[in-house]
Amino acid sequence: DSGVTQTPKHLITATGQRVTLRCSPRSGDLSVYWYQQSLDQGLQFLIHYYNGEERAKGNILERFSAQQFPDLHSELNLSSLELGDSALYFCASSVDLGGLNIQYFGAGTRLSVL
Amino acid sequence: DAKTTQPPSMDCAEGRAANLPCNHSTISGNEYVYWYRQIHSQGPQYIIHGLKNNETNEMASLIITEDRKSSTLILPHATLRDTAVYYCIVRVGLASNTGKLIFGQGTTLQVKP
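Rules used throughout
Residues numbered from 1 in each chain as written. Chains lettered and ligands numbered in written order. Predicted model: local features only at pLDDT ≥ 70, side-chain atom pairs only at ≥ 80, totals over all residues. Heavy atoms only, no water. Pairing = 2+ DSSP bridges. Helix = DSSP H or I, 4+ residues; strand = E, 2+ residues; numbered from the N terminus. Axes fitted to C-alpha atoms, helices over the stretch in contact; angles between N-to-C directions. Salt bridge = Lys/Arg side-chain N within 4 Å of Asp/Glu carboxyl O. Buried < 20%, exposed > 50% of the residue type's maximum accessible area, 1.4 Å probe, protein only.

Student: I keep staring at the sheet that holds strand β8 (residues 84-92) of chain B and nothing clicks. Help me out?
Tutor: Strand-to-strand pairing in sheets goes through backbone hydrogen bonds, with the strands running parallel or antiparallel. All names here are of chain B. Pairing is mixed across the open sheet formed by 5 strands, whose spatial order is β1-β9-β8-β3-β4. What marks the edges here is a single partner per strand, and that holds for β1 (9-13) and β4 (45-50). Each strand of the sheet is rotated relative to its neighbour by a mean of 25°, with strand direction disregarded. Sheet topology places β1 next to strand β9 (residues 107-112); 5 bridges connect them, and they run parallel.

Structure, rendered in structure tokens:
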């Protein structure tokens, strides 16, 4: 158990809908990262938050947004869903924001868009 | 962050050492080598990292060549549970203001009985 909690584990929805994925980082970790893993793209970095502030952005679609709350949990919002958004979404946390910190990953949320 | 090259797949016999190579010929002086693995759609798991010296922990050993252009991850006694995709990632350490990981395709290690 990494200590990172992601909910829900599975999500099935229809095209055009909006969903929210939730991540609770390990106790004491200030950084939260979101990654997307699809069959054709592999593991891709989406966005990094540190203590409530956005620190880095990857190839995150405009239809996707994220935030980190004062209690340090994070949510990834996906809207106007398309079939191609079906993927595994992972959240990871680390103590600090820098590159030397080990990232601990959650078990992921499997999103299926039908 | 420097680009890495890994073989797409490797096999290893159970109980034997698994040696996973990674080429990072464009690595800069302030970049570290990290290894993560992903067991069948689970969240990736940190294994080990190093700058220029060889490193060992309870999971594996990391051997980095003197010119730092390549490295090898060694699992000393591979078990079936080590079957996974192994990712070699190079990234800036302390100077970075983000620890984002850029994953390549990795090496799929199949440990066989």
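Student: Whenever I open this one, the pattern of salt bridges confuses me. Can you help?
Tutor: Between side chains of opposite charge, pairing is possible as soon as their charged atoms come close. All names here are of chain A. In this structure the tally under the stated criterion is 5 salt bridges over all chains. Across the pair Arg-26 and Asp-29 runs a salt bridge, and its minimum N-O distance is 2.9 Å. Among the residues examined, Asp-29 registers a relative accessible area of 2% and is labelled buried. The partner of Arg-63 in a salt bridge is Glu-82, and the shortest N-O contact between them spans 3.7 Å. Of this pair, Arg-63 sits in the loop between β6 (53-57) and β7 (64-68) while Glu-82 is found in the loop between β8 (74-78) and β9 (87-94), placing the two residues 19 residues apart along the sequence. Ionic contacts of the salt-bridge type, sharing partners, join the residues Arg-63, Glu-82 and Asp-85 into one network.

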